[in-house]
Amino acid sequence: MSNQNKPTDYSKVVRIQIPSNPRFVSHTRNYFFNLCLEHGFSLFDSMDLKLVIGEAIVNIIRHAYSNQPNKPIFIEMQFDKDRVEIKLRDYGKKVEPKDLRSFDLSDYREHGIGLFMIRELTDYYFLDQSFEVGNQMVLIKRK
């Protein structure tokens with residue numbers, strides 16, 4: 001969703017790589033929460049993004065990497081004056097669109113709550129499967 005015609009201002013782009021180990025989820029969520037606050041997002045929006053990033057990482061660990069703790073997860077955040085664009089990239093199994101289930105509020109189990117939260121707490125999300133290997137989720141949250 002970035003404007004391809006203007007050059008990227010790398011002072012507003014943060015990229016990190018973490019292993020697919022659950023012990024890194026909390027650290028990564030907190031790091032991006034603080035970045036969002038520093039870039040002018042409200043406390044509530046920063047908290048929403050913290051939850052969304054955590055859920056997306058956990059989904060990558062569980063579904064793309066089948067809980068293998070030594071696979072790479074690449075996360076990029078690009079801050080603009082009115083929004084943030086987040087990309088989470090893995091090199092795991094492709095997710096079948098028919099298997100993507102969103103949370104049913106009448107269902108007492110928690111299966112699918114991650115995608116439900118991602119959909120509800122962002123302004124835009126897209127699962128890009130155009131890569132030969134893996135997936136990339138793109139999330140946008142406006143201020």
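Placed above this text is the structure.
Everything numeric here is computed off the predicted structure, so don't read it as measured data. (Residues numbered from 1 in each chain as written. Predicted model: local features only at pLDDT ≥ 70, side-chain atom pairs only at ≥ 80, totals over all residues. Heavy atoms only, no water.)

**Some remarks on the sheet that holds strand β5 (residues 135-142)**
In space, the five strands of this open sheet follow the order β1-β2-β3-β5-β4, with antiparallel pairing throughout. Only two strands of the sheet have a single partner each, and these edge strands are β1 (13-19) and β4 (124-128). Taking the axes of each pair of neighbouring strands and ignoring which way they run, one obtains an average angle of 15° across the sheet. Here β1 pairs with strand β2 (residues 72-80) via seven bridges, running antiparallel. Bridge pairing in β2 links Ile16 to Ile75. (Pairing = 2+ DSSP bridges. Helix = DSSP H or I, 4+ residues; strand = E, 2+ residues; numbered from the N terminus. Axes fitted to C-alpha atoms, helices over the stretch in contact; angles between N-to-C directions.)

**Here's the deal with the environment of Thr122**
On the secondary structure map, Thr122 appears in the loop between α3 (113-121) and β4. Note: C-alpha distance between Thr122 and Arg142 (20 residues apart in sequence) is 7.9 Å. Those residues in contact with Thr122 that lie beyond four places of it in its chain are Val52, Leu139, Ile140 and Lys141. Here Ile118 takes part through its backbone oxygen, which lies 2.6 Å from a polar atom of the side chain of Thr122. (Contact = heavy atoms within 4.5 Å. Polar contact = N/O pair within 3.5 Å; in protein donor to acceptor, adjacent residues only side chain to side chain.)

**Comments concerning the packing of helix α2 (residues 43-64) against α3**
The contact between α2 and α3 brings their axes to 9 Å, and the two run at 145°. Crossing of α2 against α3: the hand is left-handed. When α2 is examined against α3, the residues Asp48, Leu51, Val52, Glu55, Ala56 and Asn59 are found in contact with a partner set consisting of Gly114, Leu115, Met117, Ile118 and Leu121. (Left-handed = near helix turned anticlockwise from the far one by under 90°.)

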